[in-house]
Amino acid sequence: MPAFLVRLLAVGAGAAVANSYYNQAFLGHLTAEFGLAAGAAAIVPVLTQAGNALGVLLLAPLGDRLERKSLILATIGALVAALVGAAVSPGFAWLTIASLAVGLFATVAQQIVPLAVHLAPPAERGRVLGTVTGGILIGILLARTVSGLISDLWGWPVMFWLAAAAMIAIGAALALWLPRVPPTTDLSYPRLIGSLWTLVRTHGVLRRAAAVQFLIFAAFIGFWSNLALVLSGPTYRLGGTAVGLLALVGVAGALAAPIAGGFADRHGSRVVVSTGAGFLLVAFLIFGLAQDSLMAFVIGILGSKPYQAIDLST
C-alpha cells in the first residue's frame, strides 16, 4: 500500500470528521447572535453527533453493498451541500437542521477507515489503521483550534465556507488517486441493515468494543460541548480561540495512535487498551477536583487523549 495513499486517507478522514466538531468552539458566539440560553445552544453539537450516529448506522454499511470509491465521493458531495447550508443559515432552526445533516454525512470518515483496512496488507493493518485514526484524532482536535480562531476573527459562517472548500479539494484528490473497490455483498439494503443485529448478537468482542466507544464519546462530548460555554462564562470570559488552544494541547496525545497500532500488531489490544484506560480515569479525576483551574484543563486534556487514540487504533 503506497505511503502517499495512507497519508491521503488519513488527511481525508481527519478533515471529514473535523466537520462534526467545528461548532463546539463557537457556541458562545451562537448564544450571543441568536439570543439563546446556554442549554439551547448546546443542541447544535448534540444534533451533529446524533447525525453521526445515524450515518454510522444507515450509511456506513453501504460500503459493503456499493463500490466504495463512488460511495465516498457521493457522501463528500452531500457533506459539502450540508456545510454550505449551515453557512447560509438564516436562523437558529435552520442551523440545527444543517448541523444534523453535517453530522450525518461527516461519517464518510467511517467509510474511509474500513477502506484503509481493506487495502492494507494483513501484517500492516495495525500500523495503517493507527495512521488513519491518528489523522481522525488530529482532525477532531484541530477542528476546535481552527474554528475557535476563525469564529473569533471573522465569524462562525466563515468556518463552514472554509470547511466546504476543504472537502471539495479532498474529494478531488480522492477521485484522482483512490482505487476502485468492488462491493463484497449483494444483500438488499433492508437485509444489510438487519445483518448489523446479527453481528452484534454473534460477536461478543464487537459488543464490548461498541460499549467502550459509546462510553468514551459520551464522556468526551459531554466535556467538549460544555467547555466553550464554561470558558465564555463569568469565571473566565474567554472566546472560541481559548477552546481551540486547549484542544491543541491534545494533539500530542493523538500522536500515540500509530504507536499503539503497531504495538497491538505485536502484543494484542487488551493490554494496550487497559493501559490507556488508566490515562482516561486520571484525566477525569483531575477535571473533577480542579475544575476552576485552566492548568487542570490542560493536564486533563493531555492525559485523556492518549486513551482515545489507543482505543481507536486497536
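The preceding data block contains the structure.
So, a few notes on the structure that sits alongside this text. (Residues numbered from 1 in each chain as written. Predicted model: local features only at pLDDT ≥ 70, side-chain atom pairs only at ≥ 80, totals over all residues. Heavy atoms only, no water.)

## Brief notes about the packing of helix α2 (residues 27-34) against helix α12 (residues 204-231)
Then comes step 1: It is at 8 Å that the axes of α2 and α12 come closest, and there the two elements cross at 60 degrees. Comparing their axes, α12 and α2 come out oblique. Taking contact as the criterion, the partners of Leu-27, Gly-28 and Thr-31 in α2 are, on α12, Ser-225, Ala-228 and Leu-229.
Then comes step 2: When grouped by side-chain class, the residues that make up the contact of α2 with α12 number three nonpolar, three polar and no charged. (Axes fitted to C-alpha atoms, helices over the stretch in contact; angles between N-to-C directions. Helix = DSSP H or I, 4+ residues; strand = E, 2+ residues; numbered from the N terminus. Parallel < 35°, antiparallel > 145°, perpendicular 65-115°, else oblique. Contact = heavy atoms within 4.5 Å. Nonpolar A, V, L, I, M, F, W, Y, C, P; charged D, E, K, R; others polar.)

## Focus on helix α7 (residues 92-105)
Then comes step 1: The first and last C-alpha atoms of α7 sit 20 Å apart over 14 residues, in line with the 20 Å expected at 1.5 Å per residue.
Then comes step 2: Every buried residue of α7 is listed here: Phe-92, Leu-95, Thr-96, Ala-98, Ser-99, Val-102 and Gly-103. Take α7 and look down its axis: the buried residues cluster within an arc of 170 degrees, on one side only. Residues of α7 that are exposed and point more than 90 degrees away from the buried face comprise Ala-93 and Ile-97. (Expected span 1.5 Å × (residues − 1). Buried < 20%, exposed > 50% of the residue type's maximum accessible area, 1.4 Å probe, protein only. Arc of directions from axis to C-beta.)

## Things to note about the side chain of Gln-49
Then comes step 1: By the element assignment, Gln-49 lies in helix α4 (residues 43-58).
Then comes step 2: According to the relative accessible area criterion, Gln-49 is buried, its value standing at 16%.
Then comes step 3: Not counting the four nearest positions on each side in its chain, Gln-49 is found in contact with Ser-20, Tyr-21, Gln-24 and Ile-221.

## Some thoughts on a nonpolar patch on the surface
Then comes step 1: A grouping of Leu-54, Leu-57, Leu-58, Leu-100 and Tyr-189 is seen on the molecular surface, where their side chains present a nonpolar patch of about 380 Å² in accessible area.
Then comes step 2: A per-element tally of the nonpolar patch places α4 first, with three residues.
Then comes step 3: By the element assignment, Leu-54 lies in helix α4. (Patch = residues over 30% accessible without salt bridge, like charges linked within 9 Å, V, L, I, M, F, W, Y side chains within 5 Å. Areas by Shrake-Rupley, 256 points an atom, 1.4 Å probe, with all protein chains shown as cover. Salt bridge = Lys/Arg side-chain N within 4 Å of Asp/Glu carboxyl O.)

## Some thoughts on the layout of surface pockets
Then comes step 1: Empty space within the second largest pocket amounts to approximately 240 Å³.
Then comes step 2: Taken together, 16 residues line the second largest pocket, and the ones lying closest to its centre are Gly-14, Ala-15, Ala-18, Tyr-22 and Leu-142.
Then comes step 3: Contributions of two or more residues to the lining of the second largest pocket are made by α1 (3-18), α9 (125-154) and α10 (156-177). (1 Å grid on protein atoms, 1.4 Å probe; cavity = no way out; pocket = protein on both sides within 12 Å on 5 of 7 lines; lining within 4 Å. Points joined across faces, edges and corners; volume = space filled by probe spheres on them.)

## Some remarks on the pattern of salt bridges
Side-chain pairs of opposite charge can arise where the charged atoms are in close proximity.
Then comes step 1: Following the criterion strictly, the structure yields three salt bridges and no others.
Then comes step 2: The residue Arg-68 makes a salt bridge to Asp-64 at a minimum N-O spacing of 3.2 Å.
Then comes step 3: By relative accessible area, Arg-68 is classed as buried at 11%.
Then comes step 4: You can call Asp-64 partly exposed: its relative accessible area is 31%.

## Comments concerning the packing of aromatic side chains
Then comes step 1: Under the definition given, this model contains six aromatic pairs.
Then comes step 2: Between Phe-26 and Phe-160, the aromatic rings sit 5.9 Å apart at their centres with planes inclined by 80 degrees, giving edge-to-face as the arrangement. A residue pair is termed long-range when its members are at least 10 positions apart, and Phe-26 in the loop between α1 and α2 and Phe-160 in helix α10 qualify at 134 residues. Like Phe-160, Phe-26 is buried. (Phe/Tyr/Trp six-rings, centres within 6.5 Å; stacked < 30°, edge-to-face > 60°.)

## Concerning the environment of Pro-182
Then comes step 1: Examined against the element boundaries, Pro-182 turns out to sit in the loop between α10 and α11 (189-202).
Then comes step 2: For the pair formed by Pro-182 and Arg-65, sequence separation is 117 residues and the distance between their alpha carbons is 8.7 Å.

## Considerations on the packing of helix α6 (residues 68-87) against helix α8 (residues 108-119)
Helix packing for two helices is described by the angle between their axes and how far apart those axes are.
Then comes step 1: Put simply, α6 and α8 touch, their axes get as near as 9 Å, and they point 160 degrees apart. Taken together, the axis directions place α6 and α8 in an arrangement best described as roughly antiparallel. Judged by the sense of rotation from one axis to the other, the crossing of α6 with α8 is left-handed. Residue-level inspection shows Arg-68, Leu-71, Ile-72, Thr-75 and Ile-76 of α6 in contact with α8, the latter providing Val-108, Gln-111, Ile-112, Pro-114 and Leu-115.
Then comes step 2: Here the contact of α6 with α8 is built from residues that sort into seven nonpolar, two polar and one charged. (Left-handed = near helix turned anticlockwise from the far one by under 90°.)

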